[in-house]
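Each chain, written out:
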Amino acid sequence: MKTFNNEQILKLQTGVTDLLAAIGDDPDRSGVIETPERVVKAHAEIFAHTGETQFSDYKLFDTTQDADMVVVEGIPFYSMCEHHLLPFFGTVDVSYVPDGEIIGLSKVPRLVDWASRRPSVQENLTHLIADEMQRIVHPKGLAVNVTARHMCMEMRGINQPGTQTNTSIYRDLLKTDTFLRDSFARRVSQR
Ligand SMILES: Nc1nc2c(ncn2[C@@H]2O[C@H](COP(=O)(O)OP(=O)(O)OP(=O)(O)O)[C@@H](O)[C@H]2O)c(=O)[nH]1
C-alpha cells in the first residue's frame, strides 16, 4: 500500500468533497461524511505503484531445463483506466522459455499486481508486464495475454455490458516457434 503524505491526503480529501458537492450531493450528510477519508485509503491500495518503473519483489533460480515453456495463466487483475478513472479488470496469462534462469512462480502474479495498481490502458499494462519479465528473466521467448472488461465501456458511454477486450505480446521463440506459440494460444483461448 502507498503512504500518502499530509499534503497529498489533504488534496485528495478536498477533491472528493468538491466532487460530491459538484455532482449535487451534500458532503456533510451522514452517509458520505467519512467518504473522503475512505477514498484516500482505497486509492492508497488501488494506485499503490503509480510512478514506479521497476518491479523489485522477485527471486531468480538457476535451471538447466532451458527448453521448457513455463506458463502462469488466469492471473486475476484489477486496474483503473486512465481516461475515465473507472476500473478495468480481467486475467493475465504469462509464458516464457527460460534461458538458464527461472523466476519464483508466485512472483509472476505479484508482477501483474504491481503493474496494475496505477492509472493505465490495457495495451500499456500488457507492455509493462512483458517488459519487466524481459528485463528480469531474459527469456528465450515470452508471451503475455490480457483479457479484460472495461467499466468505461459498460456502465457509461457505449454502454455494452460484457464486452471483452484482448491484448497480447509474443516475442522471440514464442513468436517464431509455431509449436510453442500455438500451444500457448490454444491454452489461453480454451480457458
Ligand atoms: N485502447 C484503449 N482505449 C481505452 C482503454 N480504456 C479506455 N479506452 C478508450 O479511451 C477512449 C477515450 O475516448 P474519448 O473520446 O476521449 O472519451 P469519451 O468521450 O469518454 O469516449 P466514449 O467512451 O466513446 O464515450 C474511449 O474510446 C475508451 O473506450 C484501454 O485500455 N485501451
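Treat the numbers as computed from the prediction; the structure is a model and nothing was measured. (Residues numbered from 1 in each chain as written. Predicted model: local features only at pLDDT ≥ 70, side-chain atom pairs only at ≥ 80, totals over all residues. Heavy atoms only, no water.)

Caption draft 1: Broad picture of the overall build of the protein. Regarding its fold elements, the protein presents seven helices and seven strands. Its helices and strands in sequence order give the protein the pattern α-α-β-β-β-β-α-β-α-β-α-β-α-α, from N to C terminus. Once the C-alpha set of the protein is aligned to its principal axes, its extents read approximately 65 × 35 × 20 Å. Here the protein, with 191 residues, has 38% of them falling under the buried criterion. Intrachain contacts of the protein at a sequence separation of at least 6 include 70% that bridge at least 24 residues. A total of about 10800 Å² of accessible surface is found on the protein, and carbon and sulfur atoms cover 52% of it. The average position of the 20 basic charges and that of the 26 acidic charges among the side chains of the protein differ by 2 Å. (Helix = DSSP H or I, 4+ residues; strand = E, 2+ residues; numbered from the N terminus. Buried < 20%, exposed > 50% of the residue type's maximum accessible area, 1.4 Å probe, protein only. Contact = heavy atoms within 4.5 Å. Areas by Shrake-Rupley, 256 points an atom, 1.4 Å probe, with all protein chains shown as cover. Lys, Arg positive; Asp, Glu negative; His and termini not counted. Charge placed at Lys NZ, Arg CZ, Asp CG, Glu CD.)

Caption draft 2: Examining the environment of D177 more closely. Residue position: D177 is located in the loop between α6 (173-176) and α7 (178-190). For D177, a relative accessible area of 27% gives the class partly exposed. C-alpha of D177 to C-alpha of E37: the two residues are 140 residues apart in sequence and 52 Å apart in space. From its side chain, D177 meets the backbone nitrogen of F179 in a polar contact 2.9 Å long. (Polar contact = N/O pair within 3.5 Å; in protein donor to acceptor, adjacent residues only side chain to side chain.)

Caption draft 3: Up close: the site of the ligand. Near the ligand, the surroundings consist of C81, H83, H84, V121, Q122, E123, H150, C152, M153, R156 and G157. Q122 places a polar main-chain atom, nitrogen or oxygen, 2.6 Å from an oxygen atom of the ligand. Between the ligand and R156 there is a distance of 2.9 Å, counted from an oxygen atom to a side-chain nitrogen or oxygen. For the ligand, whose accessible area on its own is 630 Å², the fraction buried by protein is 49%. (Near = heavy atom within 4 Å.)

Caption draft 4: Region of the structure containing the UniProt feature "binding site: Zn(2+)" (unreviewed entry) in the protein. Per the UniProt record, "binding site: Zn(2+)" (unreviewed entry) is found at C81, H84 and C152. A maximum C-alpha distance of 7.7 Å places the annotated residues, which cover 72 residues in sequence, within one compact spot. Looking at the element boundaries, H84 is found in the loop between β2 (70-81) and β3 (87-97). Among all residues touching H84, those that are not within four sequence positions of it are C152 and R156. One can find C152 in helix α5 (residues 151-154). With relative accessibility at 11%, the residue C152 sits in the buried group. Excluding its chain neighbours within four sequence positions, the residues that come into contact with C152 are C81, H84, L86, P87 and G157. (UniProt positions renumbered as here; feature names shortened; annotations may be inferred.)

Caption draft 5: Broad picture of the nonpolar core. Ranked by size, the top nonpolar core spans 30 residues in total, and within it F77, V92, I129 and M133 carry the most contacts. Within the residue set of this core, elements represented by two or more residues are β2, β3, α3 (107-116), α4 (122-137), β6 (141-150) and α5. It is α4 that provides the largest number of residues to this core, a total of six residues. In this structure, I129 is in contact with V92, V94, L111, V112, A115 and V144, ignoring residues within four places of it in sequence. Of all hydrophobic cores here, the second largest spans six residues; its members include V97, L174, F184 and V188. (Core = buried A, V, L, I, M, F, W, Y, C linked by side-chain atoms within 4.5 Å.)

Caption draft 6: Spotlight on α3. A large share of α3 lies buried, amounting to seven of its ten residues. Buried residues belonging to α3 abut β2, β3, β4 (101-103) and α4.

Caption draft 7: Region of interest: the sheet that holds β3. Spatially, the five strands line up as an open sheet ordered β5-β2-β3-β6-β7, and their pairing is mixed. What marks the edges here is a single partner per strand, and that holds for β5 (119-120) and β7 (165-172). Note that β2 and β5 share two bridges and pair parallel. Residue pairing in the sheet places M80 in a bridge with P119 of β5. Each of β2, β3, β5, β6 and β7 is contacted by α4, which is oriented at about 25° to β7, the strand it contacts most. In the packing of α7 onto the sheet, contacts are made with β2, β3, β6 and β7, and the angle to β3 comes to roughly 150°. (Pairing = 2+ DSSP bridges. Axes fitted to C-alpha atoms, helices over the stretch in contact; angles between N-to-C directions.)

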